[in-house]
Amino acid sequence: MRTYIKDLAGKVGEEVVVKGWVDIRRDHGKLIFIDLRDMSGKVQMVALPNHKEAHELANTVRPEWVLEVSGKVNARPEKMINKDEVNGAVEIEVLNIVVLNEAQTPPLDVRSDGKDINEEVRLTYRYLDLRRPRMQKNIRNRSLVMTYVRNFFTAEGFTEVETPNLTTATAEGSRDFIVPSRVMPGNFYALPQSPQQYKQLLMAAGMEKYFQFARCYRDEDSRGDRQPEFTQMDMEMSFVKREDVMDVNERALIALVQKYYPEKKIQAIPFPRLTYKEAMEKYGCDKPDIREDKNNPDLLAFCWVVDFPMFEKTDKGDWTFTHNPFSSPTPESMPDLMEKKNIENILTTQYDVALNGYEVGGGSIRNHRPEALRKVLEIMNFNDEKIEREYGHMLKSFSFGVPPHGGMAWGFDRLMMLLQNEPNIREVIAFAKTGEGADLMMRAPGIIKDEQLLELGISVNKKIKK
Ligand code: ASP
């Protein structure tokens, strides 16, 4: 039976079988040392000449070979104990080696933190890049936090609901990724920029408390904290006011930090609140970095930003929403919305949560009365036909008894980036894309066969076809 490396310390004197990757091999004359690594840790093994066969094989193994090793767990002599390692007090005396797979010399060092390695090489060989301890930790901690948040919201009475990825434009203000339909040639799905409309329709459906780890897609230029596809922890709840939504999200954020990042200090609890106006005046941006000490990597300065203007002017001079077309104005601004006056001063119920200068979440209370949503669309100069085409299903759902509701979404990759002290979100996404949105390992996007294009009724302009 296989023993995981982390469990070896409790097995001194026993014979065990361990399986994993050769981290490094060192020859010390007759003694050959191999550090073996599995998902749980690393252990030093020593092959001695008196176990001839194993010793000869040990001589041939190279880094990243995959081995099954039978051996005896020995306590290390006192002066050889390495207190900094999990298995620093034991080593394995190799009795037998089975080579499960050999490895070419990897094109990149998988033992370092990888920060000096060209990122294109790292992304091309991501399966090797992910072997490095830093990346293993990022991905494993991401899973722990995700599970914790799932359990948190489940315990609060929320239900996780998966919403479609093949959908239609979701009015989030970015460019959509488009998927052609084969069955209906000339028609296209859009990938969701967020589950915004579905989650509101779940409120119409009486779910009351919804959450989801949702993949979102926005065809924007990638930056350090943006990828064309990214993950939100998305939630929505019924019969609530702004305070209720902010409260449950704030508690979830605090709880997960305390659980998995006890070394980190949250600068202020409850999270300070700034109005948009205060944030702009004091920090010149709407996701302020309010850290008192910017040199301390373990300081988490969360803050809420509220009272954003609801509308802003487009380049063409029309009004558009600042955050979300479905947001409701603050109660004080509702009369102005309904009369479509004083538009520049209408405030939205939007609340954003910023962390160390990054926006890690945002949400709002929604307009659940169809006439209020219609006013928002009218202010943006949408004619009846456009309103019906793009928002008709939402307006209709609101005419069947939809409760007041509101919600929020966290930019989960950004949050993990900050918690793991990483400089960009690619370091916390297993299979990240480049700045141009390419997956270098899978070679996506790629061209498709002419038959596929034909089936979809699509012809690609020869000039742009590579
Ligand atoms: N759908 C919004 C977003 O993606 C979040 C929300 O308002 O709940 O930013």
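Residues numbered from 1 in each chain as written. Predicted model: local features only at pLDDT ≥ 70, side-chain atom pairs only at ≥ 80, totals over all residues. Heavy atoms only, no water.

**Things to note about the side chain of Asn138**
Here is the rule we go by: Going along the chain from the N terminus, every DSSP run of H or I of four or more residues is numbered as a helix, and every run of E of two or more is numbered as a strand. Definition of a polar contact: a pair of N or O atoms within 3.5 Å, with one able to donate and the other able to accept a hydrogen when the atoms are protein atoms, and with sequence-neighbouring residues admitted only if both atoms are side-chain atoms. Here, two residues are considered to be in contact whenever any of their heavy atoms come within 4.5 Å of each other.
Mapped onto the elements, Asn138 comes out in helix H4 (residues 133-155). At 2.8 Å, the side chain of Asn138 and the side chain of Glu422 are in polar contact. Asn138 has contacts with Gln420, Glu422, Glu427 and Val428, leaving out every residue within four places of it along the chain.

**Quick word on the site of the ligand**
How we decide: A molecule or strand has a residue near it when one of that residue's heavy atoms lies within 4 Å. Methods summary: accessible areas were calculated by the Shrake-Rupley approach with a probe of 1.4 Å, and residue burial reflects only the protein chains presented.
Near the ligand there are 13 residues, and of these Glu172, Gln196, Lys199, Gln232 and Arg366 occur at the shortest range. One of the side-chain N or O atoms of Arg218 is found 3.1 Å from an oxygen atom in the ligand. Between an oxygen atom of the ligand and a side-chain N or O atom of Gln232, the distance comes to 2.8 Å. In the complex, the protein chains occlude 85% of the 270 Å² of accessible area that the ligand would expose alone. For the shell around the ligand, the secondary structure elements donating two or more residues are helix H5 (196-204), strand E18 (358-365) and strand E19 (405-411).

**Concerning the pairing of strand E5 (residues 90-101)**
Quick reminder of the rule: Two strands pair if DSSP finds at least two bridges between them.
By the bridge criterion, two bridges tie strand E3 (residues 41-47) to E5 in an arrangement that is parallel. Bridged to Met45 within E5 is Ile92. Sheet topology places strand E4 (residues 66-75) next to E5; ten bridges connect them, and they run antiparallel. Within E5, the residue paired with Val69 across the bridge is Ile97.

**Description of the sheet that holds E4**
Let me state the cut-off plainly: A fitted line through C-alpha atoms serves as each axis, taken over the contacting stretch for helices, and the angle formed by two N-to-C directions is quoted from 0 to 180°.
Within the closed barrel, the five strands sit side by side as E1-E2-E3-E5-E4. Their pairing is mixed. Within the sheet, the average angular offset between the axes of one strand and its neighbour, ignoring direction, is 55 degrees. Seen against the sheet, helix H1 (residues 52-60) touches strand E1 (15-28), strand E2 (31-38), E3 and E5 and runs at an angle of roughly 70 degrees to E5.

**Quick word on helix H10 (residues 384-397)**
The periodicity of an α-helix, 3.6 residues per turn, causes residues three or four places apart in sequence to face the same way. Which entries qualify depends on this criterion: Any helix carries an expected span of 1.5 Å times its number of residues minus one. The seven residues ending at a residue and the seven starting there each receive a fitted axis; the angle between those axes is the bend at that residue. Remark: exposure states derive from per-residue accessible area (1.4 Å probe, protein chains only) relative to the maximum for the residue type, with buried under 20%, exposed over 50%, and partly exposed in between.
Between its terminal C-alpha atoms H10 stretches only 17 Å, short of the 20 Å expected from 14 residues at 1.5 Å a residue. At Tyr391, H10 is deflected by roughly 80 degrees, the largest bend along its length. Three or more residues of H10 are buried, namely Ile387, Tyr391, Gly392, Met394, Leu395 and Ser397. On its buried side, H10 packs onto H5 and helix H9 (370-379).

**Details of the packing of aromatic side chains**
Quick reminder of the rule: The rule is short: rings of Phe, Tyr and Trp, with Trp giving its six-membered ring, pair when the centres are within 6.5 Å, and they are stacked under 30 degrees, edge-to-face over 60, tilted in between. The rule is short: NZ of Lys or CZ of Arg within 6 Å of the ring centre and within 35 degrees of the ring normal puts a charge over the ring.
Inspection of the entire model under this criterion finds 13 aromatic pairs. Ring geometry for Phe271 against Phe302: centres 4.5 Å apart, planes inclined by 10 degrees, an arrangement best described as stacked. Residue Phe271 is located in the loop between strand E11 (265-266) and strand E12 (273-275), and its partner Phe302 is located in strand E14 (residues 302-306); the two are separated by 31 residues in the primary sequence. Residue Phe271 is classed as buried on the basis of its relative accessible area, which comes to 3%. Taken together, a centroid distance of 5.7 Å and an interplanar angle of 55 degrees make the contact between Phe326 and Tyr391 tilted. On the criterion of sequence distance, the pair formed by Phe326 in the loop between strand E16 (319-321) and helix H8 (334-339) and Tyr391 in helix H10 is long-range, its members being 65 residues apart. Among the residues examined, Tyr391 registers a relative accessible area of 3% and is labelled buried. Taken together through their ring pairs, the aromatic side chains of Phe152, Phe153, Phe158, Phe211 and Trp410 make up a single cluster. Above the ring of Tyr260, the side-chain terminus of Lys259 is found at 5.7 Å from the ring centroid. Positioned above the aromatic ring of Trp319, the side-chain terminus of Lys313 is 4.6 Å from the ring centre.

Honestly, that's just the spatial picture; any functional story needs more than this.
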